[in-house]
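As a plain string of letters, each chain reads:
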Amino acid sequence: VTSDSNGVVTFADATVGKLTTLTGTSVTVDVRDGDNFTHTLSGNTTYTFSNPGANGTVSAFTFKVVQDASASGYTVSWPASVEWPGGTAPTLTATANAVDVFVFFTHDNGTTYYGFISGQAMA
């Protein structure tokens, strides 16, 4: 087990993930806090990603986004550093308690995050 200057731990073998619950409408996803995140929307939200590993190491995480119980259809703004397949960020599912799951990874200290839909309308 090693740790870089950002406190990101590298394992020689398998890892066990931690779930971090996020709140608010200006939300920072700190990769040092875990590798699995969940956030229930309470308004239109802007996300920021922080503290990835150094160049040449991979920081990856899953991100579960849940619409509120009133089906408000809140939207999110992803960091400009996220590249999506086809160049377009996905539209969130707008129904009550809808769950959309995403996967992100970077290997260049967060200059580029690759974002993928893992599942949508899961609830």
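The rules behind the values
- Residues numbered from 1 in each chain as written.
- Predicted model: local features only at pLDDT ≥ 70, side-chain atom pairs only at ≥ 80, totals over all residues.
- Heavy atoms only, no water.
- Helix = DSSP H or I, 4+ residues; strand = E, 2+ residues; numbered from the N terminus.
- Rg over C-alpha atoms; globule rule 2.2 N^0.38 Å.
- Buried < 20%, exposed > 50% of the residue type's maximum accessible area, 1.4 Å probe, protein only.
- Areas by Shrake-Rupley, 256 points an atom, 1.4 Å probe, with all protein chains shown as cover.
- Pairing = 2+ DSSP bridges.
- Contact = heavy atoms within 4.5 Å.
- Salt bridge = Lys/Arg side-chain N within 4 Å of Asp/Glu carboxyl O.
- Polar contact = N/O pair within 3.5 Å; in protein donor to acceptor, adjacent residues only side chain to side chain.
- Core = buried A, V, L, I, M, F, W, Y, C linked by side-chain atoms within 4.5 Å.

A. Summary view of the overall build of the protein chain. Looking only at helices and strands, the protein chain has zero helices and eleven strands in total. Going from N to C terminus, the protein chain has its helices and strands arranged as β-β-β-β-β-β-β-β-β-β-β. The C-alpha radius of gyration computed for the protein chain amounts to 15 Å, which stays within 12% of the reference 14 Å derived for 123 residues, consistent with globular compactness. In the protein chain, which comprises 123 residues, the share counted as buried stands at 39%. Counting every atom, the protein chain has about 6500 Å² of accessible surface; 52% of that belongs to carbon and sulfur.

B. The arrangement of the sheet that holds strand β8 (residues 76-77) in detail. Reading across from one edge, β4-β6-β8 is the order of the three strands in this open sheet, with parallel pairing throughout. Only two strands of the sheet have a single partner each, and these edge strands are β4 (26-30) and β8. Pairing of β4 with strand β6 (residues 45-50), which is carried by five bridges, proceeds in the parallel orientation. Of the residues in β6, the one forming a bridge with Val27 is Tyr47.

C. Main features of the environment of Phe102. Structurally, Phe102 can be placed in strand β10 (residues 99-106). Each residue touching Phe102, except ones within four places of it in the same chain, is listed here: Phe61, Thr62, Phe63, Val65, Trp78, Trp84, Pro90, Leu92, Phe116, Ile117 and Ser118.

D. Main features of the side chain of Thr20. Here Thr20 is to be found in strand β3 (residues 19-22). In this view, Thr20 contacts Asp33, Gly34, Asn36, Phe37 and Thr38; residues no more than four positions away in its chain are not counted.

E. How the structure looks around the pattern of salt bridges. Evaluated as defined, the whole model comprises one salt bridge. One salt bridge in this structure joins Asp30 and Arg32, with 3.9 Å as the shortest N-O distance. Exposure remark for Asp30: the relative accessible area of 13% places this residue in the buried category.

F. Region of interest: the environment of Thr57. Mapped onto the secondary structure, Thr57 falls in the loop between β6 and β7 (59-66). Distance from Thr57 to Gly110, taken between C-alpha atoms, is 10 Å for residues 53 residues apart in sequence. Look past the residues within four positions of Thr57 in its chain and what remains in contact with it is Thr106 and His107. Within polar-contact distance, the side chain of Thr57 engages the backbone oxygen of Ala54 at 2.7 Å.

G. Highlighting the nonpolar core. Counting residues in each nonpolar core, the largest one holds 19 residues, and the members touching the most others are Tyr47, Phe49, Phe61, Phe63, Val65, Trp78 and Phe104. Secondary-structure elements contributing two or more residues to this core are β4, β6, β7 and β10. Looking at which element gives the most residues to this core, the answer is β7, with three residues. When residues no more than four places from it in sequence are discounted, the contact partners of Trp78 are Tyr47, Phe49, Phe63, Val65, Trp84, Ala89, Phe102 and Phe104.

H. Representation of the pairing of β10. Counting buried residues in β10 gives six out of eight residues, a clear majority hidden from the surface. Sheet topology places β10 next to strand β11 (residues 113-119); five bridges connect them, and they run antiparallel. What sits directly across from Val103, in β11, is Phe116. The turn joining β10 and β11, which pair antiparallel and follow one another in sequence, is formed by six residues; a positive phi near 60° is taken by Asn109.

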